[in-house]
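Listed here are the chains, written in short residue letters.
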Amino acid sequence: MAMLALCGVAVAQAPAVSGDVNGDGVCTVDDVAALYNYLLFDDSSALVNGDQDGDGFITVGDVTWVYNVLLYMSHDDGHECVDLGLPSGTLWSTMNIGASSPEDYGDYFAWGETTPKDVYDWSTYKWCEGSDSTLTKYCTISNYGYNGFVDNKTELDPEDDAATAAWGAEWRMPSLEQIQELIDNCTTEWTTRNGVNGRLFTSNINSASVFLPAAGVRWDSELNLAGSHGNYWSRTLYSGSPSHACYLNFYSGNVGASNVDRYYGQSVRAVRVSQN
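Each chain carries its own residue numbering, running from 1 in the direction its sequence is written. At least 70 in pLDDT is required for a residue's local features to be given in this predicted model, at least 80 for side-chain atom pairs to be given and counted, and no such filter applies to totals for whole chains, interfaces and linings, which use all residues. In computing side-chain properties, one takes all heavy atoms of the structure into account and sets aside hydrogens as well as water.

**Things to note about the overall build of the chain**
Heads up, the condition is: Working definition: helices are DSSP H or I runs of at least four residues, strands are E runs of at least two. Numbering for both runs from the N terminus. The reference for a compact globule is 2.2 Å times residues^0.38; the radius of gyration itself is calculated from the C-alpha atoms. Partly exposed residues are those whose accessible area sits between 20% and 50% of the maximum for their type, while under 20% is buried and over 50% is exposed, using a 1.4 Å probe and protein chains only. Throughout, a contact is declared for two residues whenever any of their heavy atoms are within 4.5 Å. The accessible surface values rely on the Shrake-Rupley method and a 1.4 Å probe; as for residues, cover is taken only from the protein chains in view. For the charge count, each Lys or Arg is scored as positive and each Asp or Glu as negative, with His and the chain ends excluded. By convention, the point assigned to a charge is CZ for Arg, NZ for Lys, CD for Glu and CG for Asp.
In terms of helices and strands, the chain carries five helices and 12 strands. Relative to the globule expectation of 19 Å for 276 residues, the C-alpha radius of gyration of the chain, 20 Å, shows essentially globular dimensions. For the C-alpha atoms alone, the extent of the chain along its principal axes is close to 75 × 40 × 30 Å. The proportion of buried residues among the 276 residues of the chain is 51%. Counting contacts in the chain only where the partners sit at least 6 residues apart, residues at least 24 apart contribute 55% of the total. With the model as given, the accessible surface of the chain reaches about 11700 Å², and the carbon-plus-sulfur share is 49%. Side-chain charges in the chain split into 12 positive and 36 negative, and the spacing between the mean points of these groups amounts to 10 Å.

Following this line, the structure appears as structure tokens:
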């Protein structure tokens with residue numbers, strides 16, 4: 001096995017499906033065999049996407065990556081998710097809503113809206129009458145509500161959840177508690193995968209991992225902070241001000257939960273709860 005640790009060749013092709021080494025569109029034990037045959041016997045006949053961990057080389061680390069896919073990922077409805085062994089049973093999807101790969105930024109959503117748009121500000125926000133003090137849904141303080149409106153809703157209804165709208169009823173935007181659980185139970189590393197900056201969250205429980213790209217944030221008509229900041233909505237309203245909602249925020253020096261104006265266009269990473 002020492003030979004595996006020393007063996008590595010630079011590659012440029014990124015994996016299309018996580019764990020799919022031989023290019024057949026799925027991850028199976030055949031992908032492990034393809035890597036072993038290459039590393040041990042220099043047999044590249046079945047090798048298509050060998051660099052699974054995105055470090056630019058084919059090494060034993062890619063074997064570990066494929067094993068983690070086989071052990072901890074669910075493929076039951078066409079959307080991959082990772083079992084990080086979290087106490088709540090929450091499974092985190094492997095890519096953003098609207099993305100075609102784990103490194104793809106995907107779409108941006110205002111909080112409580114289910115479709116992307118061109119301009120993100122209070123004048124275009126669905127749940128107000130043009131300002132942060134004229135909210136028409138999800139309002140807990142009358143001073144923020146339109147004509148004193150209050151409904152005391154503190155979490156998004158499924159029909160206003162971008163993850164549910166895109167992928168179905170089994171999927172939701174994470175709650176603030178689920179985001180904090182992710183932070184508390186993972187070691188996080190600012191890293192680059194296939195040329196894209198982001199954070200890798202690796203479980204302290206079962207060593208499975210999930211990558212979130214630093215997709216930035218949209219306000220007005222511009223994309224800002226792409227490549228340097230990740231901003232991922234929760235489905236939870238901020239308790240201090242109903243014009244704000246909670247989100248996962250990270251950059252090279254920090255990761256944590258924060259809150260921001262609901263009209264901002266931010267990424268959505270879907271979650272579901274394991275039935276096992």
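**Overview of the confidence of the model for the chain**
Predicted coordinates in regions of low pLDDT should not be interpreted in detail. Rules: Think of pLDDT as the predictor's per-residue confidence, scored from 0 to 100.
Averaged over every residue, the pLDDT of the chain is 90; residues scoring 70 or more account for 91%. Predicted confidence for residues 1–15 stays below pLDDT 50, and this span has 33 contacts to residues more than four positions away or in other chains.

**What to know about the side chain of R172**
Stated formally: Residues adjacent in sequence count toward polar contacts only when both atoms are side-chain atoms; beyond that, a polar contact is any pair of N or O atoms within 3.5 Å, and within protein one must be able to donate a hydrogen and the other to accept it.
Structurally, R172 is set in the loop between α4 (162–167) and α5 (176–184). Within the structure, R172 has its side chain in polar contact with the backbone oxygen of L156 (distance 2.8 Å). A polar contact of 2.8 Å, which involves the side chain of R172, links it to the side chain of D161. Once you skip the residues sitting within four places of it in the chain, R172 turns out to touch L156, D157, P158, D161, A163, T164, R235, A270 and V271.

**Examining the nonpolar core**
Stated precisely, the cut-off is as follows: In these notes, a set of buried Ala, Val, Leu, Ile, Met, Phe, Trp, Tyr and Cys residues joined through side-chain atoms within 4.5 Å is what counts as a nonpolar core.
Counting 32 residues, the largest nonpolar core has I97, W111, Y125, M173, W233 and V268 as the members making the most contacts within it. Non-local contacts of V268, meaning those with residues more than four positions away in its chain, are made with N96, I97, F109, A162, A163, M173, Y232 and W233. I179, I183, C186 and V255 belong to the second-largest nonpolar core, a separate cluster that totals 18 residues.

**What about the sheet that holds strand β9 (residues 229–237)?**
Spelled out, the test is: Think of it this way: DSSP has to see at least two bridges between two strands before they count as a pair. Helix axes are fitted to C-alpha atoms over the stretch in contact, other axes to C-alpha atoms as well, and angles between N-to-C directions run from 0 to 180 degrees.
Sheet architecture is open: three strands sit in the order β9-β10-β11, paired in antiparallel fashion. Of all strands in the sheet, those bounded by a partner on one side alone are β9 and β11 (254–261). Looking at each pair of strands side by side, their axes are set apart by 30 degrees on average, direction ignored. Against the sheet, α5 touches β9, β10 (244–251) and β11, its axis set at about 135 degrees to β9.

**Points about unusual backbone geometry**
The phi torsion at D42 lies on the positive side, around 60 degrees, for a residue other than glycine. By secondary structure assignment, the location of D42 is in the loop between α2 (29–41) and α3 (60–72). Given a relative accessible area of 60%, D42 falls into the exposed group. With a phi angle near 60 degrees, N152 is a residue other than glycine that sits in the positive phi range. Following the sequence through the fold, N152 ends up in the loop between β3 (90–93) and α4. On the accessibility criterion, N152 (52% relative accessible area) is exposed.

**Concerning the side chain of T191**
By the element assignment, T191 lies in strand β4 (residues 186–193). Every residue in contact with T191, bar those within four places of it in the chain, is listed here: V196, N197, G198, L200 and F211.

**With respect to the pairing of β10**
Most of β10 sits out of view: six of its eight residues are buried. Both β9 and β10 contribute to a ladder of six bridges, which runs antiparallel. In the sheet register, N231 faces β10, and the bridge partner there is N249. The pairing of β10 with β11 spans eight bridges and is antiparallel. Residue A245 lies in a different strand from β11, and its bridge partner there is V260.

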